[in-house]
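Spelled out, the chains give:
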Amino acid sequence: MAAGEVLDTAALIAWPMERMRGSLVVPSQRAELGRISPEREMLLDSIGLEWATPGGAALAQASELATRTGDMSGLSPVDLELLALSLERSATLVTDDYRLQNLCELGGIRWLSVTMEGIRALWTWELRCPGCGAVQPPPDAPQARRGGLGSCPDCGTALRLRRGRE
Ligand SMILES: [Zn+2]
């Protein structure tokens, strides 16, 4: 049973207003949207969105997940809040950002592409050992991986997810 949808800013711009009613967004998106699409930003209050700020526990969980996959440096504070809010509400994250889609897969969060095309780059991610460089079979997403990504069978180093060649 779906528990609502968290919309990233691309969805706020692209989706029809009636489709967004009742969806979850974070307050920091208002400024982001204002920079990208001021006309859309002016409409925000008439859409019927639910504004919510994720709690500290959810933010810590999202940070831990992003740190583990090595995606942290590529995420904006807004991205991290969206991920955390999705975790907290067990909501579907609507995003075209491949990093966020990948984090959803690994964190057991449902996601939906803004353009409904689905993820294409997922299969170009690979588990690589930062110790010896060996590439392990990709994770059989989607499922929660609370035990982390595991360690290298060759040298024991904790595995990290890397973006492979297209
Ligand atoms: Zn290794």
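Q: In this structure, what is going on with the confidence of the model for the protein? I would like to understand it.
A: Low-pLDDT stretches of the model should not have their predicted coordinates read in fine detail. Chain-level pLDDT for the protein is 83 on average; 83% of the residues reach the 70-or-more range. Per-element confidence in the protein is highest for strand β2 (residues 24-25), whose mean pLDDT is 97, and lowest for strand β8 (residues 160-163), whose mean pLDDT is 69. Low pLDDT, under 50, characterises residues 117-123; the stretch is placed with eleven contacts to residues that sit more than four places away or in other chains. A low-confidence stretch, residues 141-146 stays under pLDDT 50, and its non-local contacts, those more than four residues away or across chains, total 13 contacts.

Q: Please clarify how the coordination of the zinc ion should be interpreted in this entry.
A: Angles between donor atoms at a metal ideally measure 109.5 degrees for a four-coordinate tetrahedral arrangement and either 90 or 180 degrees for a six-coordinate octahedral one. Binding of the zinc ion to the protein goes through Cys129 (SG), Cys132 (SG), Cys152 (SG) and Cys155 (SG), at separations of 2.3 to 2.4 Å. Geometry at the zinc ion is tetrahedral, judged from the four donor atoms that bind it and their angles of 96 to 120° at the metal. Within one chain, the residues donating to the zinc ion are spaced in sequence as C-x2-C-x19-C-x2-C. Taken together, the residues Cys129 in the loop between β6 (125-128) and β7 (135-136) and Cys155 in the loop between β7 and β8 connect sequence positions 26 residues apart. A relative accessible area of 1% means that Cys129 is categorised as buried.

Q: Quick question: what am I supposed to make of helix α5 (residues 56-69) here?
A: Since there are 3.6 residues in each turn of an α-helix, residues three or four apart along the chain are aligned in direction. Along its 14 residues, α5 runs 20 Å from first to last C-alpha, staying within 8% of the 20 Å computed at 1.5 Å per residue. If you check which residues of α5 are buried, you get Ala58, Ala62, Leu65, Ala66, Arg68 and Thr69. For α5, the buried positions fall inside an angular range of 160° around the axis, keeping them on one side. Turned more than 90 degrees away from the buried face of α5, the exposed residues are Gly56 and Ala57. Gly70 lies just past α5 and shows a positive phi near 80°.

Q: Please clarify how unusual backbone geometry should be interpreted in this entry.
A: Across the chain, the bulk of peptide bonds are trans and the bulk of non-glycine residues have phi less than zero. The backbone of Ser90 sits at a positive phi, close to 50°, despite the residue not being glycine. With respect to the helices, strands and loops of the structure, Ser90 is situated in the loop between α6 (77-89) and β4 (92-94).

Q: Teacher, can you tell me more about the environment of Met20 here?
A: As for its placement among the helices and strands, Met20 is situated in helix α2 (residues 17-20). When its relative accessible area of 0% is taken as the criterion, Met20 is described as buried. Met20 sits 14 residues away from Val6 along the chain, and the two C-alpha atoms are 9.6 Å apart. Once residues lying within four places of it in the same chain are set aside, the contact partners of Met20 are Leu7, Ala11, Leu12, Trp15, Arg40, Ile47 and Leu49.

Q: Help me out: how do you make sense of the nonpolar core in this one?
A: A general trend in soluble globular proteins is that nonpolar side chains are found buried together. Of all hydrophobic cores here, the largest spans 23 residues; its most connected members are Val6, Leu83 and Leu93. Elements supplying a minimum of two residues to this core: α5, α6 and α7 (98-107). Per-element accounting of this core gives the leading share, seven residues, to α6. Discounting chain neighbours no more than four positions away, the residues touching Val6 are Leu24, Leu82, Leu85, Ser86, Ala91, Thr92, Leu93 and Val94. Counting residues in hydrophobic clusters, the runner-up holds twelve residues, among them Ala11, Leu12, Val25 and Leu33.

Cut-offs used in this document
Residues numbered from 1 in each chain as written. Predicted model: local features only at pLDDT ≥ 70, side-chain atom pairs only at ≥ 80, totals over all residues. Heavy atoms only, no water. pLDDT = per-residue confidence, 0-100. Helix = DSSP H or I, 4+ residues; strand = E, 2+ residues; numbered from the N terminus. Contact = heavy atoms within 4.5 Å. Donors = N, O, S within 2.8 Å, 3.2 Å for Na, K, Ca; no water. Tetrahedral: all angles 85-135°; square planar, octahedral: opposite > 155°, others 65-115°. Buried < 20%, exposed > 50% of the residue type's maximum accessible area, 1.4 Å probe, protein only. Expected span 1.5 Å × (residues − 1). Arc of directions from axis to C-beta. Core = buried A, V, L, I, M, F, W, Y, C linked by side-chain atoms within 4.5 Å.

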